[in-house]
Amino acid sequence: MTVPAIEADALGKRFGRRAAWALRDCSFRLPTGRVCAVVGPNGAGKSTLLAIAAGLLAPTDGTITVLGTDPASARPRVGFVDQDKPLYPQLTVDETLRMGADLNPGRWDADTARRIVAGGDLDPGKRIRALSGGQRTRVALALALAKRPELLLLDEPMADLDPLARHELMGVLMGQAAAHGTTIVMSSHVVAELEDSCDHLLLVGGGRVRLAGEIDDLLAAHTRVSAPAATDLAPHDVVESRTTGRQVSALIRPSGPLPGDWSTGAPSLEELVLSYLRNPEALTPADTLEAAV
Amino acid sequence: MTATLTAPATTDRPAPSPRQLRWLYRLHRPALLTGAAITLLLGAALLWLGGPLTDASAAAWKEYNACGFSPTCAYDQSSILLYKDVYNYTTFAVLAVPFLVAAWAGGSLTGREMESGTARLAWTQSVSPARWLASRLAFPAVLTAAATGLLVWLHRLAWTAADGRVDTALSWDHFPTFYANGTVPVALALAGLAVGVLTGLLLRRAMAALATAAVVLGALWAAVHAALPHLWPAVTEVSRLGEGPLGSGIWVGEGILTADGDRLAAPCLSGGIPGCGSTLADLGAVSFYRDFHPAAHYWPLQLVASGALLLVAVLAALTAFRLLRHRTGKTTG
Amino acid sequence: MVDYRIDRRSGVATYVQIVQQTKQALRLGLLEPGDKLPTAREVVEATAVNPNTVLKAYRELEREGLVEARRGLGTFVRRSLGAAPADSPLRAELEDWAARARAAGLEREDVAALFTAVLETHYPARTPDPAHPKTSQGDPS
């Protein structure tokens, strides 16, 4: 078994002794080489989780291993793009990239940085403060990618981008993953945005990990069913069920063969995610947490 | 002062160390240029004060003193006044420098980076938070010490030039003069730097850190000022009851001595004042005493006060490192 | 060279779309034995899909014996598909037929319906309907 990109065990974080837990009891394992979507509503703890993995926040509870070591030691091998894409506003685009080269000696890939920035038709002499949100995202991604990280953590990377730039930069990210085997973790509250690009899912809700695993495995483990209203859905695990008229429709995790008179269908990733988020009490399948091992 | 606190390199391969200094300079170029301009202008003003202004004022005082009380005598009054004004302004300016350093350190050096998130950007390049902080303390500390050191030295030169030549020249124990002539502003500026850096990290807001750092530095100085008379053993001068307490310098305390050697508070300060003599006699007073610091205590007082301030600076810097390590997590491997 | 176009709304799994479009290119003679498929990196940079999806599609094509991966060189076409390359006589006949259908006043949909009906008669469905590639208990891998 190879070293996982991230392995969290009972991870918890709260800001201050009396504050509510931003993240609680999170356990999951992300193998290397995956493109992982961290999905959840705003305020679910996605940013906190990414910041802990990036070595920017120390966890209050539990342990986390990044690339086989602690996050602080892994920092040189990890790329991170913050949600707000902070950059020094007084520097020009070109200066920002030269700073990246100076601050990452021995790792910097100037060609990658130039290519990403060039895709945005950016004047290299322009100051960061004069850039649009999308252009800043491009520069921030260039800084993170040119560091040649083994693990790339991106917090809401596509939020400021128009559809064209989104597609292009997602292509750049996927190219990076294909060429270097970079593990990429990106958060979003828009599932559809990540569906094609990610093969692994981490669903965070209310500070907890609700689902974790390979997307294909997760989809295969769930079924959409409709049956007559009085039907007992046991012994299958019910994530969500709704009765309309004489019919009950539900999203279940089958624990065995289903009766022939139920009509079944495969859920989409978005349906799966929404069902879990709408039903905070639905049990997290323990087996899917380990499915990725 | 802080370079030794840098965390050991934690990369698993020996990577060349990041070139931070160039970017620290680039990011704070306007502040550095402003600081250099202030130092040069203030330095030039102090040279002007110690040279031509002192000469002109001394000459005017010579004229004035030669006049006696002749009503028609003319002397260069404007030179005297100009000297006095420039002396007061430059002294005030030298003492204000530490506050500028504290405000800049809190607001710009760390506060703004925490507020905008650029600190996190730096930490996720190949620069560890400890290294980031070390560079933000070490290089400004060198420049701050050099600039304030130069200014107090020039102030001292200007003050010395007027000694005995300008009748209104302020004495060594006049407090603004006392501070501006010694090492305290240097230590105060370094403490301001460390306190500013710490408040920036704590408050994570540029404007709040700027104001807080300046206020904290003011409080620190007030504390040092209150403690100043007790930072070095005072000299006691005993005088006869008819003379009142004697001894000039930095005042520490005074009163009456009894025949047994007890020290009592003095109800009045001269045996010559009617009623006072008998009151003193009732108390059993045999003499007055005064505890004070003579001019010879100037450097001991300066150095002890500076040492206390430097200790505060080191503690603030250490706290900043610990805070950052606590927040971002430490390396275990 | 093939230029994959991924249709997110089709409901067809992405890797299946890549497999289908490769086969289509093979059928039409756009890809011939010895031709090199684009690298996974080239495909994902153009389409922004997950690299593993492309690799999965290529593995599927390899399993069917259509392509072979040569280490360090890339993935190459081993054999073409079908007997109807773009310039075959059958295609010319179909072109001819389509021209006559149009001259007879048939709409595009009419032609498509007619063609599908004939296709169904001669080639009864043996693969799952591509519109629903994943049935509830289907193998998702």
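Parameters at a glance
- Residues numbered from 1 in each chain as written.
- Chains lettered and ligands numbered in written order.
- Predicted model: local features only at pLDDT ≥ 70, side-chain atom pairs only at ≥ 80, totals over all residues.
- Contact = placed C-beta atoms within 7 Å.
- Helix = DSSP H or I, 4+ residues; strand = E, 2+ residues; numbered from the N terminus.
- Nonpolar A, V, L, I, M, F, W, Y, C, P; charged D, E, K, R; others polar.
- Buried ≥ 20, exposed ≤ 12 C-beta atoms within 10 Å, placed from the backbone.
- Pairing = 2+ DSSP bridges.
- Axes fitted to C-alpha atoms, helices over the stretch in contact; angles between N-to-C directions.
- Domains from an automatic or database assignment.
- Core = buried A, V, L, I, M, F, W, Y, C linked by C-beta atoms within 7 Å.

Explain the interface of chain C and chain A to me, using residue names and the numbers behind them.
Contacts between the two partners involve 19 residues from chain C and, on the opposite side, 21 residues from chain A. Where the side of chain C that touches chain A is concerned, the elements lending two or more residues are α2 (40-47) and α3 (51-63) of chain C. No other element matches α2(C), which puts six residues into the side of chain C that touches chain A. Each residue belonging to the side of chain C that touches chain A can be placed in one class, and the counts come to eight nonpolar, seven polar and four charged.

Residue-level account of unusual backbone geometry, with values.
Residue and element names in this part refer to chain A. Phi at lysine 85 takes a positive value of approximately 50°, unusual for a residue other than glycine. Residue placement: lysine 85 occurs in the loop between β5 (78-81) and α3 (93-103). Lysine 85 sits in the buried class, given 25 other C-beta atoms within 10 Å. A positive phi angle is found at glutamate 156, which is not glycine, with a value near 50°.

Would you mind going over the sheet that holds strand β9 (residues 208-214) of chain A in detail, with residue names and values included?
Residues and elements named next belong to chain A. One open sheet accounts for six strands, arranged β5-β6-β7-β3-β8-β9; its pairing is mixed. With partners counted over all chains shown, the strands left at the sheet margins are β5 and β9, one partner each. The average angle at which neighbouring strand axes cross in this sheet is 15°, direction not considered. The sheet contact formed by strand β6 (residues 151-154) and strand β7 (residues 183-188) spans four bridges and is parallel. In the strand pairing of β7, leucine 152 is matched with isoleucine 184. Packed on one face of the sheet, helix α8 (residues 269-278) meets β3 (35-39), β8 (200-205) and β9 and runs near 25° to β8.

Explain the interface of chain A and chain B to me, using residue names and the numbers behind them.
Contacts between chain A and chain B engage 30 residues on the former and 30 residues on the latter. Counting residues per element, the ones that place at least two in the side of chain A that touches chain B are α2 (71-74), β5 and α3 of chain A. In terms of residues, the side of chain A that touches chain B owes the most to one element, α3(A), which gives five residues. Here the side of chain A that touches chain B is composed, by residue class, of 14 nonpolar, eight polar and eight charged.

Outline the arrangement of the chains, supporting the account with residue identities and numerical values.
Pairwise contact counts over the two pairs of chains in contact peak for chains A and B. A gap remains between chain B and chain C, with no contact made and the closest C-alpha atoms lying 25 Å from each other.

Now, about the sheet that holds strand β4 (residues 285-293) of chain B: what can you tell me, with residues and values included?
All names here are of chain B. Pairing in this open sheet of four strands is antiparallel, and the strands run β1-β4-β2-β3 from one edge to the other. Both outer strands of the open sheet, β1 (235-239) and β3 (263-264), are each paired with one neighbouring strand and no more. Of the strand pairs in this sheet, strand β2 (residues 250-258) and β3 are connected by two bridges, and their pairing is antiparallel. The residue bridging leucine 257 from the neighbouring strand is arginine 263, located in β3.

How would you summarise the domain arrangement of chain B if you had to cite specific residues and measurements?
Residues and elements named next belong to chain B. Entries for chain B in the domain assignment read domain 1 (17-227 + 297-328) and domain 2 (235-296). The distance between the C-alpha centroids of domain 1 and domain 2 comes to 39 Å. Contacts between the two partners involve five residues from domain 1, matched on the other side by six residues from domain 2.

Hey, could you go over the nonpolar core for me, with residue numbers and the actual values?
Residues and elements named next belong to chain B. The biggest cluster of nonpolar side chains holds 190 residues, and the ones touching the most others in it are Ala191 and Ala194. Tallying contributions element by element places helix α7 (residues 184-203) first for this core, with 14 residues. Aside from chain neighbours lying at most four places away, what touches alanine 194 is Leu137, Ala313, Ala316 and Ala317. Residues Ala266, Leu280, Ala285 and Phe288 belong to the second largest nonpolar core, which totals six residues.

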